[in-house]
Amino acid sequence: MIEIIKHLLYSDVGSDLNNLAILIYRVLLGFELFRVHGLKKFRVENGQREHVPNPLHLPDKLNGIVATFSDTVVPFLLMLGVCTRLILLPVIGVTAIGYFVVHRKDSAEVRDVPYMYTLSFLFLLVTGAGTFSVDHYLLQSFFNQ
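Each chain carries its own residue numbering, running from 1 in the direction its sequence is written. The predicted origin of the model limits local features to residues at a pLDDT of at least 70 and limits the giving and counting of side-chain atom pairs to 80 or more, whereas totals for whole chains, interfaces and linings rest on all residues. Heavy atoms from the whole structure form the basis of all side-chain values; hydrogens and water molecules are not counted.

**Q** Whenever I open this one, the packing of aromatic side chains confuses me. Can you help?
**A** Remark: the centre distance and the inter-plane angle together describe each pair of aromatic rings, the angle taken between the planes. Note on aromatic pairs: the rings of Phe, Tyr and Trp (six-membered ring only in Trp) are paired at centre separations within 6.5 Å, and the planes decide the class, stacked below 30 degrees, edge-to-face beyond 60, tilted for the rest. This structure, assessed with the given rule, holds five aromatic pairs. What links up through ring pairs into an aromatic cluster is the set Tyr99, Phe100 and Tyr115. Note on geometry: a ring has a charge over it if NZ (lysine) or CZ (arginine) is within 6 Å of the ring centre and within 35 degrees of the ring normal. Seen from the ring of tyrosine 99, arginine 111 lies directly overhead, with NZ or CZ sitting 4.1 Å from the centre.

**Q** Looking at this structure, how should I read the pattern of salt bridges?
**A** What makes a salt bridge here is a side-chain nitrogen of Lys or Arg within 4 Å of a carboxyl oxygen of Asp or Glu, nothing more. For the coordinates displayed, the defined rule picks out four salt bridges. Across the salt bridge formed by glutamate 3 and lysine 6, the nearest N and O atoms sit 3.7 Å from each other. Of this pair, glutamate 3 and lysine 6 are both found in helix 1 (residues 2–9), three residues apart, which corresponds to roughly one turn of the helix. When the shortest N-O distance is used, the salt bridge between glutamate 50 and lysine 41 registers 2.8 Å. Partly exposed residues are those whose accessible area sits between 20% and 50% of the maximum for their type, while under 20% is buried and over 50% is exposed, using a 1.4 Å probe and protein chains only. Residue classification places glutamate 50 among the partly exposed residues on the basis of a relative accessible area of 30%. Helix and strand definitions follow DSSP, with helices as H or I runs of at least four residues and strands as E runs of at least two, each counted in order from the N terminus.

**Q** Just checking my understanding: could you explain unusual backbone geometry for this structure?
**A** When glycine is set aside, most residues are seen to have a negative phi, and most peptide bonds are trans. Unlike most non-glycine residues, histidine 57 shows phi in positive territory, near 60°. Looking at the secondary structure, you find histidine 57 in the loop between strand 2 (48–49) and helix 3 (60–80). Take histidine 57: its relative accessible area is 69%, and that puts it in the exposed class. In this structure, cysteine 83 is a non-glycine residue whose phi angle is positive, near 45°. You can see cysteine 83 is positioned in the loop between helix 3 and helix 4 (84–102).

**Q** Which parts of the structure should I look at to understand the environment of aspartate 16?
**A** By the secondary structure assignment, aspartate 16 is in helix 2 (residues 16–38). We classify aspartate 16 as exposed; its relative accessible area is 58%. Residues aspartate 16 and phenylalanine 132, spaced 116 residues apart in sequence, show a C-alpha to C-alpha distance of 8.8 Å.

**Q** Looking at this structure, I do not really get a nonpolar patch on the surface. What am I missing?
**A** On the surface, Leu17, Leu20, Ile24, Leu28 and Phe132 cluster together into a nonpolar patch covering about 490 Å² of accessible area. Position of leucine 20 among the secondary structure elements: in helix 2. Patches here: salt-bridge-free residues with over 30% relative accessible area, like charges joined within 9 Å, nonpolar side chains (Val, Leu, Ile, Met, Phe, Trp, Tyr) joined within 5 Å. Only the protein chains shown count as cover for residues, with accessible areas throughout obtained via the Shrake-Rupley method and a probe of 1.4 Å.

**Q** Looking at this structure, how should I read the side chain of serine 133?
**A** With respect to the element layout, serine 133 can be found in the loop between helix 5 (108–127) and helix 6 (134–143). On the accessibility criterion, serine 133 (9% relative accessible area) is buried. The criterion used for residue contact is that any of the two residues' heavy atoms lie within 4.5 Å. Setting aside chain neighbours within four positions, we find serine 133 in contact with Arg26, Leu80 and Gly81.

**Q** Would you take a moment to explain the packing of helix 2 against helix 5 for this structure?
**A** Geometry of a packed helix pair, given as the angle between the helix axes and the separation of the axes. Interaxial angles span 0 to 180 degrees and are taken between N-to-C directions of axes, which are lines fitted to C-alpha atoms, for helices over the stretch in contact. Where helix 2 contacts helix 5, the axes come no closer than 12 Å and their chain directions differ by 145°. In this structure, helix 2 meets helix 5 at a crossing whose hand is left-handed. In contact with Ile22, Tyr25, Arg26, Leu29, Glu32, Leu33 and His37 of helix 2, helix 5 contributes Val113, Tyr117, Ser120, Phe121, Phe123, Leu124 and Thr127. Three residue categories are used. Nonpolar comprises Ala, Val, Leu, Ile, Met, Phe, Trp, Tyr, Cys and Pro, charged comprises Asp, Glu, Lys and Arg, and polar comprises the others, including Gly. Partitioned by chemical class, the residues of the contact of helix 2 with helix 5 number nine nonpolar, three polar and two charged. Should the near helix be turned anticlockwise from the far one by less than a right angle, the crossing is left-handed, and should it be turned clockwise, the crossing is right-handed.

In structure tokens:
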């Protein structure tokens, strides 16, 4: 179990410049996700909140919780680099379902947004948060790596 936790937290992309680039990438991507999609969760237009598609027919409350968590909480955890690989799983699920299910019959221009988000988050899933992250600090503090 300890080895799995170490693997989930470890991320070093080779140099300080690369790790700085991952930090900037994480912060900008997380900020954009929250600014464009997260803030919609708090807006009320015409007396109603944003409609969240439910193509998997999950219970409405669960569907709303996952979508809201992915667009409001995950961006901040991502910017800080907290449990990065784990917190990306729900947002990858939401964006991939958006691409493959919700927008499958839409034009390439419409499908492009969930496609690019999915690729971006998959990239971070593979690379991890880099050394300028809470993940790296936790790894160093608890496992003396």
